[in-house]
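# Observations on chain architecture
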Amino acid sequence: MDRRRTYALAIAASALVVGMGAARPTPAPSPPPSPSASPTASPTATQSDGTLQILTYRGYAEYGGTSPKVNWTGAFEKETGCRIAKLDTVQTSEEMAEKVTQRPYDVISAGPVLAAGLIADKQVQAIDPAKVAGYDDIDERFRDMSTVSGKVYGVPYLWGYHEFIYDSGRVEGGDLRQVFASERVALRDTPLTIADAAMAAGSADEPYELTEKQLDETMAMLERNKDRVYWRNPIDLVKGFATGSLDYAQATPYYRMLLQKAGKPIKAVRTRETTGWVDSWMLGANVPDTTCAYRWLNWVTAPDAQRDAAAWVGLAPANDKACKGRARQMCEAYGAGEDKKLDHVVFAVRPPACGECTDYDAWTERWRELAE
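As recorded by an unreviewed UniProt entry, the chain carries the name Extracellular solute-binding protein and is attributed to Nonomuraea deserti.

## Let's talk about empty space enclosed by the protein
This structure, assessed with the given rule, holds 2 cavities of 30 Å³ or more. In this structure, the second largest cavity encloses a volume near 50 Å³. Taken together, Y60, A61, W72, Y157, W296, W299, V300 and A305 make up the full set of residues lining the second largest cavity.

## What to know about the state of the cysteines
Counting across every chain of the model gives 2 disulfides. Sulfur-sulfur distance for the disulfide between C82 and C292 comes to 2.1 Å. With the S-S bond torsion at -90°, the cross-link from C82 to C292 turns out left-handed. Note that C82 is positioned in the loop between α2 (72-80) and β2 (83-90) and C292 in helix α11 (residues 291-301), a separation of 210 residues in sequence. Considered together, C82 and C292 belong to a single accessibility category, that of buried residues. A disulfide bridge connects C323 with C331, and the sulfur atoms are separated by 2.1 Å. Since a negative S-S torsion denotes a left-handed disulfide, the C323-C331 link at about -80° is left-handed. Judged by its relative accessible area of 16%, C323 falls in the buried class.

## Section: the packing of aromatic side chains
For the structure shown, the criterion picks out 18 aromatic pairs. Ring centres of F164 and F180 lie 5.5 Å apart, and the angle between their planes is 55°; this geometry places the pair in the tilted category. Linking F164 in strand β8 (residues 163-167) with F180 in helix α6 (residues 176-181), this pair joins segments that are 16 residues apart in sequence. Arranged with centres 5.9 Å apart and planes meeting at 55°, the rings of Y254 and Y255 form a pair that is tilted. Given a relative accessible area of 4%, Y254 falls into the buried group. Note on Y255: relative accessible area 1%, which makes it buried. A cation over an aromatic ring shows up here: R103 above the ring of Y105, its NZ or CZ 5.6 Å from the ring centre.

## A few points about the sheet that holds strand β10 (residues 229-231)
Judged by pairing direction, the sheet is mixed, and its 5 strands sit side by side in the order β10-β9-β11-β8-β12 without closing on themselves. Each having just a single partner strand, β10 and β12 (266-268) make up the two edges of the open sheet. Put simply, the sheet's adjacent strands are angled 30° from each other on average, direction ignored. Where strand β9 (residues 185-188) meets strand β11 (residues 248-251), 2 bridges bridge the pair, whose relative direction is parallel. From the neighbouring strand, A186 faces β11, where its bridge partner is A249.

## What to know about the pattern of salt bridges
Taken as a whole, this structure holds 16 salt bridges when the rule is applied. The residue R272 makes a salt bridge to E273 at a minimum N-O spacing of 3.8 Å. The exposed category is assigned to R272, whose relative accessible area is 67%. Classification of E273 by relative accessible area gives partly exposed; the value is 24%. One salt bridge in this structure joins D308 and R326, with 2.6 Å as the shortest N-O distance.

## Quick word on the packing of helix α9 (residues 234-243) against helix α10 (residues 253-261)
Where α9 contacts α10, the axes come no closer than 11 Å and their chain directions differ by 40°. Classified by the angle their axes make, α9 and α10 are oblique. Crossing hand, α9 versus α10: right-handed. Along the contact surface, α9 presents P234, L237, V238 and F241, while α10 presents Y255, L258 and L259. Split by residue class, the contact of α9 with α10 holds 7 nonpolar, no polar and no charged.

## A short note on the nonpolar core
The biggest cluster of nonpolar side chains holds 115 residues, and the ones touching the most others in it are W159, W296 and Y334. Of the residues forming this core, the biggest block, 7 residues, is contributed by α11. Counting contributing residues per domain, this core is built from domain 1 (51-160 + 276-336) and domain 2 (162-275 + 352-369), each supplying no fewer than three. Not counting residues up to four positions away in its chain, the partners in contact with W296 are L52, I54, A61, T73, F76, I84, V107 and W281.

## Focus: unusual backbone geometry
A positive phi angle, near 60°, is found at K122, a position not held by glycine. As for its position among the elements, K122 is in the loop between α4 (112-120) and β4 (124-125). Here the phi dihedral of S149 falls at roughly 50°; this positive angle occurs in a residue that is not glycine. Following the sequence through the fold, S149 ends up in the loop between β5 (147-148) and β6 (151-152). Owing to a relative accessible area of 75%, S149 belongs among the exposed residues under this scheme.

## What to know about the layout of surface pockets
By volume, the largest pocket is sized at about 570 Å³. What lines the largest pocket is a set of 29 residues, and nearest its centre among them are E94, A97, P191, Y360 and T364. Looking at the lining of the largest pocket, the elements that each hand over two or more residues are α3 (93-99), α4 and α15 (360-371). By residue number, the principal contributor to the lining of the largest pocket is α4, which donates 6 residues. When its residues are assigned to classes, the lining of the largest pocket shows 15 nonpolar, 7 polar and 7 charged.

Cut-offs and rules
Residues numbered from 1 in each chain as written. Predicted model: local features only at pLDDT ≥ 70, side-chain atom pairs only at ≥ 80, totals over all residues. Heavy atoms only, no water. 1 Å grid on protein atoms, 1.4 Å probe; cavity = no way out; pocket = protein on both sides within 12 Å on 5 of 7 lines; lining within 4 Å. Points joined across faces, edges and corners; volume = space filled by probe spheres on them. Disulfide = S-S within 2.5 Å. Helix = DSSP H or I, 4+ residues; strand = E, 2+ residues; numbered from the N terminus. Buried < 20%, exposed > 50% of the residue type's maximum accessible area, 1.4 Å probe, protein only. Phe/Tyr/Trp six-rings, centres within 6.5 Å; stacked < 30°, edge-to-face > 60°. Lys NZ or Arg CZ within 6 Å of the ring centre and 35° of its normal. Pairing = 2+ DSSP bridges. Axes fitted to C-alpha atoms, helices over the stretch in contact; angles between N-to-C directions. Salt bridge = Lys/Arg side-chain N within 4 Å of Asp/Glu carboxyl O. Parallel < 35°, antiparallel > 145°, perpendicular 65-115°, else oblique. Left-handed = near helix turned anticlockwise from the far one by under 90°. Contact = heavy atoms within 4.5 Å. Nonpolar A, V, L, I, M, F, W, Y, C, P; charged D, E, K, R; others polar. Core = buried A, V, L, I, M, F, W, Y, C linked by side-chain atoms within 4.5 Å. Domains from an automatic or database assignment.

Structure (structure tokens):
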């Protein structure tokens, strides 16, 4: 690869803003500026005085810190009269799980594993969907994923799924078994990758419900190759293909598009099914006054907010009405609103302790032993 192409890929990598496995593909619009470019507050600030404490992924609630042209929280404050007193952002689900134990938050954007834990530990409360305008516009399958025992615990926001991409100039692609057998592959550093490995190994019909034997079989396949890369930062993923050190990687459609745009011959391995996830906004359990929290939930459910976020972080919006303008490319890439395409996505759940099933704690321990 010539130096100019390597440089172009390095620039593209440095522009990434990570959500739960996503990245920023395009500049966002220019909403009204906020008086504060980096919201902070004292730990004693509470919603009862019209403020919000928010925990989310990078790029999900931009305040102008990355670009002065991308400041959705300022527009929210101006239109609702609520002030965002604290906006904490993280890069990975593991960081979020740790952060949520350190202080209470009014609203949290959580993936399926953390969401299930927050519900079980009663750290979040049920949401009244009648108070969320546009809730019925969200894809029904996503709404069902945030409903437990008839109660709604999350407002779906952004979603995505994994691809296994490869450099067609170096390898022919093959199937998932060949991907996992390769020494030049980068897997996402999360215990949920075990589900992808289970699908590759043919260990189970339900990749998130593995018996101890099925988990052992899946880990045995993973343990045959100790030298593969486990990535958390997408910059490492892009650089791996830029330098030629990777043949395969577990990624999302956005990464494939990014690398293709930079001139790399990247394609996706054909698979019968793939794994995906949905991130939803949740309401903290001990919010003294939920007025501003519900204003936030209404804000992030609306098409304009989801359109901005989807285009910025490279994921698909849960509200199909957002699939216009700058978000159209992401909706087309993920197949938003296409039931036949979504039928091939096995959306993540927290591995349950269901009878003979191994729970998420077991997955976490086995993954730690593998990746460290």
